[in-house]
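Spelled out, the chains give:
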Amino acid sequence: KAVASALQGMAETLNQMVEQSVSIRAIKWRLEALRTGKPYGEILLVRSLLYRVEQVFLIHRKPGLILQQRAVADITAHNADLISGMLTAIQDFVHDSFQLEHGDELETVQIGPFSLWVQHAPPAMLAGVVRGAPPRQLKKAFEYALERICREQAEALENFRGDTEPFRAARPHMDSCLLGCLGP
């Protein structure tokens, strides 16, 4: 039943993509593909998504340094140190400007079609770059991944002195956050 259901869902998605391929919107996407040099299928997929987590960053709280970075295959990873510095600066600004209580943290930042989702734990943060409109349930995936990382990497987080190698073990948990959902 599960295989049949998955095949039926895939067939429905394929039918929707074929139907979209002859619309005005599809013609614009074809022109975008020609202009950018990207395959039409990639443009179609990205434009048809409801949401997609494109990158995930594991950041140590005290020094604000990137421990690991993960990205979906077709995305060029951005400079993780720049993103970490920006996130730290924004959080400091929010805390200083709004006199937040201890424990109040910045959770989302909206930047054009992207959102930066941040999950906090005392030793680390997990930040994800999300395109589109994700469901609130996605927060649970981030929470669960960060809990597992903090539990499994507790000693490495506590004794962190700049060596990020021990945090390679966190990659599978971070990869579990690289989720997405196709649109109708």
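Above this text sits the structure in question.
Just so you know, these numbers come straight off a predicted model, no measurement behind them.

Parameters at a glance
- Residues numbered from 1 in each chain as written.
- Predicted model: local features only at pLDDT ≥ 70, side-chain atom pairs only at ≥ 80, totals over all residues.
- Heavy atoms only, no water.
- Helix = DSSP H or I, 4+ residues; strand = E, 2+ residues; numbered from the N terminus.
- Expected span 1.5 Å × (residues − 1).
- Buried < 20%, exposed > 50% of the residue type's maximum accessible area, 1.4 Å probe, protein only.
- Arc of directions from axis to C-beta.
- Contact = heavy atoms within 4.5 Å.
- Salt bridge = Lys/Arg side-chain N within 4 Å of Asp/Glu carboxyl O.
- Pairing = 2+ DSSP bridges.

Draft legend 1. Broad picture of helix 4 (residues 80–98). A rise of 1.5 Å per residue sets the reference length of helix 4, with its 19 residues, at 27 Å; its end C-alpha atoms lie 27 Å apart and thus fit the reference within 8%. Taken together, the buried positions of helix 4 are Ala-80, Ile-83, Ser-84, Leu-87, Gln-91 and Val-94. Within helix 4, the buried residues cover an arc of 100° as seen down the axis, which keeps them to one side. The outward face of helix 4, more than 90 degrees from its buried face, is lined by the exposed residues Asp-81, Leu-82, Phe-93 and Asp-96. One or two steps after helix 4, the chain reaches Gln-99, where phi turns positive at roughly 40°.

Draft legend 2. Layout of the side chain of Gln-91. By the secondary structure assignment, Gln-91 is in helix 4. On the basis of relative accessible area, Gln-91 is assigned to the buried category, the value being 8%. Leave out the neighbours within four places in its chain, and Gln-91 touches Glu-105, Leu-106, His-120 and Met-125.

Draft legend 3. Structural detail: the environment of Glu-158. If you trace the backbone, Glu-158 turns up in helix 6 (residues 154–158). Here Glu-158 falls in the exposed class, since its relative accessible area comes to 66%.

Draft legend 4. Up close: helix 5 (residues 138–152). Between the first and last C-alpha of helix 5 there are 22 Å, a value that for 15 residues agrees with the 21 Å anticipated at 1.5 Å per step. Residues of helix 5 that are buried include every one of Leu-138, Phe-142, Ala-145, Leu-146, Ile-149 and Cys-150, and no others. Within helix 5, the buried residues cover an arc of 130° as seen down the axis, which keeps them to one side. For helix 5, the exposed residues lying more than 90 degrees away from the buried face are Lys-140 and Arg-151.

Draft legend 5. Molecular detail of the pattern of salt bridges. Per the stated rule, a full pass over the model turns up 8 salt bridges. Between Arg-52 and Glu-54 there is a salt bridge; the shortest N-O distance is 3.2 Å. Comparing Arg-52 with Glu-54, the two get one shared label, buried. Within this structure, Arg-52, Glu-54 and Arg-131 form a network of salt bridges that share partners.

Draft legend 6. The pairing of strand 4 (residues 114–120), seen in detail. Extensive coverage of strand 4 is indicated by the burial of 5 of its 7 residues. Sheet topology note: the strand 3 (residues 108–111)/strand 4 ladder contains 4 bridges and is antiparallel. The partner of Gln-110 across the bridge, within strand 4, is Ser-115. With antiparallel pairing between neighbouring strands as the criterion, strand 3 and strand 4 make up a hairpin whose turn holds 2 residues, including Gly-112 at a positive phi of roughly 60°. Pairing geometry for strand 4 and strand 5 (residues 124–132), over 7 bridges, is antiparallel. Along strand 5, the bridge assignment pairs Gln-119 with Leu-126. Connecting the antiparallel pair strand 4 and strand 5 is a turn made up of 3 residues.

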